[in-house]
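Single-letter residue listing:
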Amino acid sequence: MLIQSLAQKTKLAMMTVLAAVAGCTLICGFTIITCLNMVTKERQQIYVLDGDIPFLAERAQLEANFTMEARAHIQLFHQYFFNLPPDNDYIKWTVGKAMYMADGTALKQKQALDENGFYSDIISSSAVCTIICDSINFDEHERKFTYYGTQLIKRRTRDLKRTMVTTGYIENVPRSQNNPHGLMITNWRTIENKDKDY
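Anyway, here's the lowdown on the structure attached to this text.

Thresholds applied
Residues numbered from 1 in each chain as written. Predicted model: local features only at pLDDT ≥ 70, side-chain atom pairs only at ≥ 80, totals over all residues. Heavy atoms only, no water. Helix = DSSP H or I, 4+ residues; strand = E, 2+ residues; numbered from the N terminus. Contact = heavy atoms within 4.5 Å. Areas by Shrake-Rupley, 256 points an atom, 1.4 Å probe, with all protein chains shown as cover. Lys, Arg positive; Asp, Glu negative; His and termini not counted. Charge placed at Lys NZ, Arg CZ, Asp CG, Glu CD. Core = buried A, V, L, I, M, F, W, Y, C linked by side-chain atoms within 4.5 Å. Buried < 20%, exposed > 50% of the residue type's maximum accessible area, 1.4 Å probe, protein only.

1. Some details on the overall build of the chain
From N to C terminus, the chain includes five helices and six strands. Walking the chain from its N terminus toward its C terminus, one meets helices and strands in the order α-β-β-α-α-α-α-β-β-β-β. In terms of principal-axis extent, the alpha carbons of the chain reach across some 120 × 45 × 30 Å. Partitioning the contacts of the chain with sequence separation of at least 6, the portion at a separation of at least 24 is 56%. A total accessible area of about 13600 Å² is found for the chain, and carbon and sulfur atoms account for 59% of it. Where the 22 positive side-chain charges of the chain centre and where its 21 negative ones centre are 4 Å apart.

Here's what the structure looks like:
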């Protein structure tokens with residue numbers, strides 16, 4: 001009778017200990033998961049200080065920003081490549097900046113323009129070239145873009161207005177000081193560049 005009573009008490013004590021251990025494990029696991037979720041949620045929030053007043057700003061996901069960044073990269077590349085004053089050093093600097101944003105296809109177009117005397121003509125005639133972005137069609141799935149712009153060439157004698165349509169693809173690359181968007185234009189080519197009818 002005493003042995004049976006001790007066996008039952010030992011069994012009860014063992015079950016109580018096991019239940020307590022299982023309960024503690026569940027509570028600890030729940031606490032860890034909750035804390036990890038809270039930390040992840042907090043990392044999505046950025047506080048911006050305006051003087052002494054903090055404002056909460058939420059960080060957007062990379063996928064949400066990709067289309068915007070791709071469009072900004074395409075527009076900036078075209079501005080560097082086609083906004084040209086009659087200054088040889090400045091032309092070299094801006095076109096050099098554009099070369100960081102695209103692959104060898106942009107270099108081939110630059111060399112073709114150079115061989116045709118485009119840059120020397122700008123300098124000799126004191127022309128100012130600017131490009132205005134009309135629109136950019138961007139397909140997120142294929143990562144293909146078509147850039148529609150208007151190129152203005154102002155010379156002393158007369159002004160030219162030309163349509164500019166280019167196409168290419170966008171690839172991800174590591175961000176750098178010369179390529180802040182972390183994108184690369186590939187297979188870039190001009191599909192239309194002709195005088196506009198006034």
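More follows now that the structure is in view.
2. A word on the nonpolar core
Counting 31 residues, the largest nonpolar core has Ile74, Phe77, Phe81, Phe145, Ile170, Ile185 and Trp188 as its most contacted members. Elements with a minimum of two residues in this core: helix H2 (62-82), helix H3 (88-99), helix H5 (118-124), strand E3 (128-139), strand E4 (144-154), strand E5 (159-172) and strand E6 (183-195). At seven residues, the largest contribution of residues to this core is made by H2. Excluding residues that lie within four positions of it along the chain, Ile74 makes contacts with Ile136, Phe138, Phe145, Tyr147, Ile170 and Ile185.

3. Some thoughts on unusual backbone geometry
If you check the backbone angles, Ser126 has positive phi at about 55° while not being a glycine. Structurally, Ser126 is set in the loop between H5 and E3. Look at Ser126 and you get partly exposed, because its relative accessible area is 33%. For Arg143, which is not glycine, the phi dihedral falls at a positive 60°. Here Arg143 is to be found in the loop between E3 and E4. Residue Arg143 is classed as partly exposed on the basis of its relative accessible area of 27%.

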